[in-house]
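Read off the chains here:
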Amino acid sequence: LSDRLADTFKNLRKKGTLSASDVDGTVREIRRALIQADVAFDVVKEFTGRVRERALGDEVNKALNPAQQVVQIVNDELVQILGGEQRRLEFAKTGTTIIMLAGLQGAGKTTLAGKLSKWLIKEGHTPLLVAADLQRPNAVTQLGVVAEQAGAAIYAPEPGNGVGDPVKVAKDGVAYAERNQHDVVIVDTAGRLGIDEEMMKQASKIRAAINPHEVLFVIDAMIGQDAVNTAKAFQEGVDFTGVVLSKLDGDARGGAALSVASVTGRPIIFASTGENLDDFEPFYPDRMASRILDLGDILTLIEQAQSAFDEEEAMKLAEKFATDTFTLDDFLKQMQQLRNMGSIKKMMGMLPGMGQMKEQLDNFDESELNRTEAIIQSMTRAERQNSKLLNGSRRLRIARGSGSTVTEVNQLVNRFEQAAKMMKTMAKGGMPQIPGMGPI
Ligand code: GDP
Ligand code: MG
């Protein structure tokens, strides 16, 4: 019997509920993992509160595998916060779609302008890039480079004309796009290193001047705990219709995604995953949820919580074996668990590596369980607690009462005693075996 099979068996056998302390332990671990993933503290608190509430509820108690159900809840809640369904870019019904980019300096706006236009061109669009970042000396040149790489057209102020007016450039650029049949125009704007009144005013003026269909807030996924303040500031200062998470390659653990989506309620539309223009993809809430779930090995931790629970059960049983208090009642209970196993036999047949297990269950005879049940139930309470009482006349009475033969009663008692003996030995060592089933 392979370890893996034994583990699976163990898990399937367990039908109990997760205790409140199991849930608390698990929630603690989830909290730690999220904080490690740089999710904002308040967001973590709210999130774990909801998970805890659901994990203590009926849906978990009634689940075949409670720990797995907790994982499902965590996943559900993550996907929910991250926007549920994937949100697509919205295009104008007629005319030119105007997209404005906003975000801190270095967030990845200019790079995104290139990525987005390359992606749009592939989809059959004819984007124009507008260089409305006149803050940094080389910003216009940088946009020129990415435009060329993407094969997109660019609108930029003449170089050497002194400091231009970014609002006018944005407006003129959009007008140029409309005149020249570009169906999408992407307006790159300036950012500062920190949140800044001036910058917000400028961005908000550009927004008012061009009335964009989408304002994409670009945020560096590595920003960590600052994500919340930055996102809030941009939401109040400029407001945006969607979020682009950049630099999701590297060490970024995706926590910023959860924070930003949670505090702004705005959908994440794209993810940027590298310096190349192709390192770019639509954002999928469910994939990000699994990425966050993988962090801190939440799955493993939940499994540990579960196995601690199993151990508790096994200990109780082991104690019974060791102290010779394993009774015919316990024996019957164990047999009945096999019946529950039988009902999931079909399901197991579909799982890889479960062939051997399925065979065991196939050999398990339902009518034999019925007979066992009938025999044990025909015993008095005292007899069930102490099989030594079962002399010849008692066995005859039981056989009659249960509609079986004395031989069958004898067989059952023998099997019980063998099982009890075997388990007593095993109690000192490993996992107890299920009586009546023989060594698995
Ligand atoms: P902007 O100031 O918001 O326009 O940011 P830039 O587009 O100029 O990007 C700042 C730096 O981040 C540049 O060196 C980019 O190459 C880099 N960058 C942008 N997006 C990504 C990304 O998704 N992953 C990585 N690793 N680097 C990126
Ligand atoms: Mg830039």
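The notes below deal with the structure included here. All figures in this text were calculated on a predicted structure; none of them were measured in a lab.

1. As for the pairing of strand 7 (residues 268-272)
Right, so step 1: Most of strand 7 is tucked away: five of the five residues are buried.
Right, so step 2: When strand 6 (residues 242-246) meets strand 7, the two strands line up parallel, connected through three bridges. By the bridge assignment, Val-244 is partnered in strand 7 with Phe-270.
Right, so step 3: Sheet analysis places strand 7 next to strand 8 (residues 280-282), joined by three bridges and oriented antiparallel. Counterpart to Ser-272 in the pairing with strand 8 is Phe-280.

2. Let's talk about the site of ligand 1
Right, so step 1: Close contacts around ligand 1 come from 19 residues, with Gly-108, Lys-109, Thr-110, Thr-111 and Ser-272 the closest.
Right, so step 2: Per element, the largest residue contribution to the shell around ligand 1 is three residues, and it comes from helix 6 (residues 109-122).

3. Some details on the sheet that holds strand 6
Right, so step 1: Within the open sheet, the eight strands sit side by side as 3-2-4-1-5-6-7-8. Their pairing is mixed. The sheet terminates laterally at strand 3 (153-155) and strand 8, the two strands that pair on one side only. The sheet shows a mean angle of 25 degrees between the axes of neighbouring strands, taken without regard to direction.
Right, so step 2: In terms of strand pairing, strand 5 (residues 214-220) meets strand 6 through five bridges, oriented parallel. If you follow Leu-216 over to strand 6, its bridge partner there is Gly-242.
Right, so step 3: The sheet contacts of helix 11 (residues 255-264) involve strand 5, strand 6 and strand 7, and relative to strand 6 the element is tilted by about 165 degrees.

4. A closer look at unusual backbone geometry
Most peptide bonds adopt trans geometry, and most residues besides glycine take a negative phi value.
Right, so step 1: With phi around 45 degrees, Asn-211 is a residue other than glycine that occupies positive phi space.
Right, so step 2: Examined against the element boundaries, Asn-211 turns out to sit in the loop between helix 9 (197-210) and strand 5.
Right, so step 3: The exposed category is assigned to Asn-211, around which 9 C-beta atoms lie within 10 Å.
Right, so step 4: The backbone of Asp-239 shows a phi angle near 65 degrees, a positive value even though the residue is not glycine.

5. Notes on the packing of helix 6 against helix 7 (residues 139-150)
Right, so step 1: In contact at an axis separation of 9 Å, helix 6 and helix 7 are set at 25 degrees when each is read in the N-to-C sense. One way to sum up the angle between helix 6 and helix 7 is to call them roughly parallel. Remark: the crossing between helix 6 and helix 7 carries right-handed chirality. Judged by residue contacts, Thr-110, Thr-111, Ala-113, Gly-114, Ser-117, Lys-118 and Ile-121 of helix 6 engage Ala-139, Gln-142, Leu-143, Val-146, Ala-147, Gln-149 and Ala-150 from helix 7.
Right, so step 2: A breakdown of the residues in the contact of helix 6 with helix 7 according to their chemical character gives seven nonpolar, six polar and one charged.

6. A closer look at the packing of helix 10 (residues 227-237) against helix 11
The description of two helices packed together rests on the angle between their axes and the distance between the axes.
Right, so step 1: Two elements in contact, helix 10 and helix 11, have axes whose closest approach is 9 Å; the angle formed by their N-to-C orientations is 40 degrees. It follows that helix 10 is oblique to helix 11 by the angle criterion. Once helix 10 is placed against helix 11, the crossing between them reads as right-handed. Facing helix 10, whose interface residues are Ala-227, Val-228, Ala-231, Lys-232 and Gln-235, helix 11 presents Ala-256, Ser-259, Val-260, Val-263 and Thr-264.
Right, so step 2: When grouped by side-chain class, the residues that make up the contact of helix 10 with helix 11 number six nonpolar, three polar and one charged.

About the thresholds
- Residues numbered from 1 in each chain as written.
- Chains lettered and ligands numbered in written order.
- Predicted model: local features only at pLDDT ≥ 70, side-chain atom pairs only at ≥ 80, totals over all residues.
- Buried ≥ 20, exposed ≤ 12 C-beta atoms within 10 Å, placed from the backbone.
- Helix = DSSP H or I, 4+ residues; strand = E, 2+ residues; numbered from the N terminus.
- Pairing = 2+ DSSP bridges.
- Near = placed C-beta within 6 Å.
- Axes fitted to C-alpha atoms, helices over the stretch in contact; angles between N-to-C directions.
- Contact = placed C-beta atoms within 7 Å.
- Parallel < 35°, antiparallel > 145°, perpendicular 65-115°, else oblique.
- Left-handed = near helix turned anticlockwise from the far one by under 90°.
- Nonpolar A, V, L, I, M, F, W, Y, C, P; charged D, E, K, R; others polar.

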